[in-house]
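Now for the letters of each chain:
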Amino acid sequence: MTTTTIELDLFQENIKHLSTNEFGNFIAITSGNRVIISGTETPLELGVDILMARIINEEKILIILDRPNTIENALIIDYTGKPFVKFNIGTSINDIKINGKKIIVSYFDEGVLQGDKPDCDALAVFNLKGEQVFGFNSGNLQDQLIDCYCVANWGNGKIIFNGYGNFSLQELDVNTFNLVSYEIPSVCIGAQSVSTKADNIVFHSTYKDKTSFLVWNLHSGEISQISSDFKNVLSTENGCFYQVYKKSFTIINPLEF
């Protein structure tokens, strides 16, 4: 396992939210609601309370507003702050992944059980116009999720996810919306974070083990355990994870030795 820690120069501010890829390219929201993006010199100051953010591509950024009573609480903007789209992305957000021109959002159980779209779908897919184009629970009335625990990109155009209520691993093509289910090994059930690399699906923080990384090779069916002291890690791409601190974050690669 290898780790890389990246320090942010924040002076009197702390990190409120951060997402990164496996290379350390990040977007961070500070306690002062500034948007800091790696490789840029000037932070964005949008004058609004921000909950989280994601880099969509070289031109666009997704901003989630910290306004639970506002229906249209998501913005797609450019790197200067110019808005393109405003839409409802839900309020009980667990995680967000970007896959090509699709935005994938997973939701906690309080949003699912509340019954309002898009949260009630447990996992929703949006296009870059802010339109919801897929909802898992809406299309699977007999096989629903109460809480979508974790989601990861599975190569170009596909994602995997699972959660409570339906413990199968779901593979979704985000272009055709074709679904394939796999039976998860019992030791991997309940994982709160997941990443993928080639045929390997890497789980972390399962019901039975809160710190180890469990590597399940979907092709061979083999499972291996990589011990660690990390708790509550977040997932990024290519089998990597990360942990956020007050003024820094650490990228964790359990598959690299």
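The preceding data block contains the structure.
Attention here is on the structure that accompanies the text. Treat the numbers as computed from the prediction; the structure is a model and nothing was measured.

Evaluated as defined, the whole model comprises 9 aromatic pairs. Ring geometry for F136 versus F161: centroids 5.3 Å apart, planes at 85 degrees, classification edge-to-face. Of this pair, F136 sits in helix α2 (residues 136-139) while F161 sits in strand β15 (residues 158-164), placing them 25 residues apart in sequence. Grouping residues by exposure puts F136 and F161 together as buried. For the ring pair F213 and F241, a centre distance of 5.0 Å and an interplane angle of 55 degrees mean the geometry is tilted. Of this pair, F213 sits in strand β20 (residues 213-217) while F241 sits in strand β23 (residues 241-244), placing them 28 residues apart in sequence. On the basis of relative accessible area, F213 is assigned to the buried category, the value being 0%.

Moving on: the pairing of strand β6 (residues 50-55). Within a regular strand, the side chains alternate between the two sheet faces. Where β6 and strand β7 (residues 60-65) come together, 5 bridges link them in antiparallel fashion. Note on β7: the bridge partner recorded for M52 is I64. Between the end of β6 and the start of β7, which pair antiparallel, lie 4 residues.

Together, L113, I146, Y164, F167 and Y207 give the surface a local cluster of nonpolar side chains, amounting to about 470 Å² of exposed area. Relative to the assigned elements, Y164 resides in strand β15.

Looking now at the side chain of D78. Assignment of secondary structure puts D78 in strand β8 (residues 74-78). One buried charge, D78, has no salt-bridge partner; the nearest side chain with opposite charge is K82, at 5.4 Å. Side-chain polar atoms of D78 contact the side chain of T80, separated by 2.6 Å. For D78, the residues in contact, after removing those within four places along its chain, are L44, E59, I61 and F84.

Reading across from one edge, β1-β24-β23-β22 is the order of the 4 strands in this open sheet, with antiparallel pairing throughout. Each edge of the open sheet is held by one strand with a lone partner, namely β1 (2-7) and β22 (234-235). Taken together, the 4 bridges between β23 and strand β24 (residues 248-253) define a ladder with antiparallel strand orientation. Looking at the pairing, Y242 lines up with I251 of β24.

Counting 32 residues, the largest nonpolar core has L62, F87, I89, I96, I103, L123 and F161 as its most contacted members. The set of elements that each furnish at least two residues to this core consists of β7, β8, β9 (83-87), β10 (93-99), β11 (102-107), β12 (123-127), β14 (147-153) and β15. Core analysis: the next-biggest nonpolar cluster, separate from the first, contains 14 residues, Y149, A152, I201 and F203 among them.

A word on the pairing of β10. With 6 of 7 residues buried, β10 is to be regarded as a mostly interior element. Of the pairings in the sheet, the one linking β10 to β11 comprises 6 bridges and is antiparallel in character. Along β11, the bridge assignment pairs N99 with K102. Between the end of β10 and the start of β11, which pair antiparallel, lie 2 residues, with G100 showing a positive phi angle near 60 degrees.

Conventions adopted
- Residues numbered from 1 in each chain as written.
- Predicted model: local features only at pLDDT ≥ 70, side-chain atom pairs only at ≥ 80, totals over all residues.
- Heavy atoms only, no water.
- Phe/Tyr/Trp six-rings, centres within 6.5 Å; stacked < 30°, edge-to-face > 60°.
- Helix = DSSP H or I, 4+ residues; strand = E, 2+ residues; numbered from the N terminus.
- Buried < 20%, exposed > 50% of the residue type's maximum accessible area, 1.4 Å probe, protein only.
- Pairing = 2+ DSSP bridges.
- Patch = residues over 30% accessible without salt bridge, like charges linked within 9 Å, V, L, I, M, F, W, Y side chains within 5 Å.
- Areas by Shrake-Rupley, 256 points an atom, 1.4 Å probe, with all protein chains shown as cover.
- Salt bridge = Lys/Arg side-chain N within 4 Å of Asp/Glu carboxyl O.
- Lys, Arg positive; Asp, Glu negative; His and termini not counted.
- Polar contact = N/O pair within 3.5 Å; in protein donor to acceptor, adjacent residues only side chain to side chain.
- Contact = heavy atoms within 4.5 Å.
- Core = buried A, V, L, I, M, F, W, Y, C linked by side-chain atoms within 4.5 Å.

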